[in-house]
Amino acid sequence: LRRVAAADPILAQMGATLVALLVRRDYLCVVNVGDSRGYRLSPDGLELFYTSRFTDHDLYRTTRADLQSPFGVPTLVTELNEPGADDASLSITAGGLVGYFSSSRSGGSDLFLAARSRPGAAFQLVTPLSAVEGVAAVAAPDDVAAASPY
């Protein structure tokens with residue numbers, strides 16, 4: 001790939017991306033590695049989340065009024081993005097109240113939990129997943145059950 005790109009100036013800025021999807025019963029996991037993005041649609045279909053490689057790997061959200069409407073202009077998920085950190089791969093549980101994402105804000109790549117009061121609302125609680133003793137303490141039981149791959 002590098003040899004071909006080096007031989008053709010038009011391809012010099014080309015990159016490579018892997019987007020993988022794992023489906024197990026009622027569990028869905030999307031992972032992307034590379035210079036493009038994987039999109040994550042909220043369970044109700046009204047929010048779309050992605051990570052931009054053009055802005056230091058920040059999380060973005062775009063919304064729509066109903067399933068027939070187009071998505072609006074993407075905006076930063078300011079309550080989850082940490083300046084100077086790579087924040088990526090937000091996945092929302094089935095109830096729409098809890099999200100999990102990766103971040104380099106603590107010096108390495110760690111998983112974080114984010115919670116909100118209702119689908120579509122701003123996230124109010126952001127904490128490292130390692131600091132959460134019981135996810136049930138910050139999430140609705142339906143969200144916890146739906147997030148489990150088992």
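Conventions used here
Residues numbered from 1 in each chain as written. Predicted model: local features only at pLDDT ≥ 70, side-chain atom pairs only at ≥ 80, totals over all residues. Heavy atoms only, no water. Helix = DSSP H or I, 4+ residues; strand = E, 2+ residues; numbered from the N terminus. Buried < 20%, exposed > 50% of the residue type's maximum accessible area, 1.4 Å probe, protein only. Contact = heavy atoms within 4.5 Å. Salt bridge = Lys/Arg side-chain N within 4 Å of Asp/Glu carboxyl O. Pairing = 2+ DSSP bridges. Phe/Tyr/Trp six-rings, centres within 6.5 Å; stacked < 30°, edge-to-face > 60°. pLDDT = per-residue confidence, 0-100. Axes fitted to C-alpha atoms, helices over the stretch in contact; angles between N-to-C directions.

Trainee: Looking at this structure, I do not really get the overall build of the chain. What am I missing?
Mentor: The secondary structure content of the chain amounts to two helices and ten strands. Starting at the N terminus and ending at the C terminus, the chain contains elements arranged as α-β-β-β-β-β-β-β-β-β-β-α. The buried share among the 150 residues of the chain stands at 31%. Nonlocal contacts in the chain, meaning residues at least 24 apart in sequence, comprise 29% of its contacts between residues at least 6 apart.

Trainee: What's the story with the pattern of salt bridges in this structure? I'm lost.
Mentor: When the charged atoms of two side chains lie near each other, side chains of opposite charge can form a pair. On inspection of all chains with the given rule, the structure shows five salt bridges. The closest approach of N and O atoms between Arg116 and Glu47, which form a salt bridge, is 2.7 Å. Of this pair, Arg116 sits in the loop between strand E9 (110-115) and strand E10 (125-128) while Glu47 sits in strand E4 (residues 47-52), and the two are 69 residues apart along the sequence. Note on Arg116: relative accessible area 5%, which makes it buried. A salt bridge links Glu82 to Arg105; its shortest N-O distance comes to 3.8 Å. On the criterion of sequence distance, the pair formed by Glu82 in the loop between strand E6 (75-76) and strand E7 (87-92) and Arg105 in the loop between strand E8 (98-103) and E9 is long-range, its members being 23 residues apart. Of the residues examined, Glu82 reaches a relative accessible area of 36% and is grouped as partly exposed. Overlapping salt bridges, with partners in common, bring together Glu47, Arg61, Glu79 and Arg116 in one network.

Trainee: Would you explain the sheet that holds strand E5 (residues 58-63) in this entry?
Mentor: Backbone hydrogen bonds hold the strands of a sheet together, and the pairing may be parallel or antiparallel. An order of E3-E4-E5-E6 is seen for the four strands of this open sheet, with the pairing classed as antiparallel. Lying at the two open borders of the sheet, with one neighbouring strand each, are strand E3 (40-41) and E6. When E4 meets E5, the two strands line up antiparallel, connected through six bridges. Note that in E5 the partner of Thr51 across the bridge is Leu59.

Trainee: Please clarify how the packing of aromatic side chains should be interpreted in this entry.
Mentor: Two aromatic rings, taken as a pair, are described by how far apart their centres are and by the angle between their planes. Applying the stated criterion across every chain yields a total of two aromatic pairs. Between Tyr50 and Tyr60, the aromatic rings sit 5.5 Å apart at their centres with planes inclined by 10 degrees, giving stacked as the arrangement. Linking Tyr50 in strand E4 with Tyr60 in strand E5, this pair joins segments that are ten residues apart in sequence. No difference in accessibility class separates Tyr50 from Tyr60, as the two residues are buried.

Trainee: Looking at this structure, I do not really get unusual backbone geometry. What am I missing?
Mentor: Backbone phi values are negative for most residues with the exception of glycine, while trans is the configuration of most peptide bonds. Phi angles above zero are rare outside glycine, and Ser89 is one such case at about 60 degrees. With respect to the helices, strands and loops of the structure, Ser89 is situated in strand E7. You can call Ser89 partly exposed: its relative accessible area is 23%.

Trainee: Where do I start with the confidence of the model for the chain in this structure?
Mentor: Residues shown with low pLDDT carry predicted positions that ought not to be read at fine detail. With 65% of its residues at a pLDDT of 70 or more, the chain has an overall mean of 74. Summarising per-element confidence for the chain, the mean pLDDT is lowest in helix H2 (residues 141-147) (44) and highest in E6 (88). Confidence drops under a pLDDT of 50 for residues 135-150, and excluding neighbours within four residues, the segment shows 24 contacts in the predicted structure.

Trainee: Quick question: what am I supposed to make of the sheet that holds E8 here?
Mentor: With respect to topology, four strands assemble into an open sheet ordered E7-E8-E9-E10, the strand pairing being antiparallel. Strands at the two margins of the open sheet, each flanked by one partner only, are E7 and E10. Strand-to-strand twist in this sheet, taken as the mean axis angle between neighbours without regard to direction, amounts to 25 degrees. Here E9 runs beside E10; their pairing, made up of four bridges, is antiparallel. Each residue of the ladder has a partner; that of Leu113, found in E10, is Thr127.

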